[in-house]
Amino acid sequence: MVHPNNDEKYDDSDISGLLKQTAINLGRGDYDVARFEDRLKEDWLDDIEQLRHKTVEFLSKYMPFGLAEEFHQLIECAELASSKSAKPPNTQSEGEREVREME
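Cut-offs and rules
- Residues numbered from 1 in each chain as written.
- Predicted model: local features only at pLDDT ≥ 70, side-chain atom pairs only at ≥ 80, totals over all residues.
- Heavy atoms only, no water.
- pLDDT = per-residue confidence, 0-100.
- Helix = DSSP H or I, 4+ residues; strand = E, 2+ residues; numbered from the N terminus.
- Contact = heavy atoms within 4.5 Å.
- Phe/Tyr/Trp six-rings, centres within 6.5 Å; stacked < 30°, edge-to-face > 60°.
- Buried < 20%, exposed > 50% of the residue type's maximum accessible area, 1.4 Å probe, protein only.
- Arc of directions from axis to C-beta.

Regarding the confidence of the model for the chain
Scored by pLDDT, the chain has a mean of 79; 63% of the residues are at 70 or more. The lowest-confidence element of the chain is helix α6 (residues 94-102), averaging 58 in pLDDT; the highest-confidence one is helix α4 (residues 56-59), averaging 97. Contacts from residues 1-6, a stretch scored under 50 in pLDDT, to residues over four places away or in other chains number 16 contacts.

Quick notes on the packing of aromatic side chains
Tallied over the entire structure, the rule returns two aromatic pairs. Aromatic side chains Y31 and F36 sit 6.2 Å apart centroid to centroid with 10° between the ring planes, which places their arrangement in the stacked category. We classify Y31 as partly exposed; its relative accessible area is 38%. Classification of F36 by relative accessible area gives buried; the value is 3%. When the centroid spacing of 5.6 Å and the interplanar angle of 50° are considered together, the rings of F58 and Y62 count as tilted.

Focus on helix α2 (residues 34-42)
Buried within α2 are the following residues: F36, E37 and L40. Taken end-on, α2 shows its buried residues confined to a sector of 100°, consistent with a single buried face. Remark: W44 follows α2 within two positions and exhibits a positive phi of approximately 60°.

Below, the structure is given as structure tokens:
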């Protein structure tokens with residue numbers, strides 16, 4: 001996930017990478033966000049999927065509110081991107097498949 005104004009890219013599948021990207025998006029790329037990741041891990045929140053549907057208010061218990069807002073947006077964007085890249089289910093009926101196979 002890359003903010004339009006940034007060239008750096010971090011892995012958005014892990015909390016550490018997403019926190020780093022969040023700081024960059026907020027213009028604070030040199031800020032050490034490891035302590036916020038540590039705070040999440042202390043409560044056994046060590047997977048993006050665990051945080052995906054949490055509120056900004058919940059996240060702000062572990063990090064500054066502004067960081068929590070941007071972090072929440074990135075999680076939501078990552079979810080949308082992954083759902084769009086998933087293959088759509090096969091909607092052909094069995095009859096349609098048989099006709100196509102015969103052609």
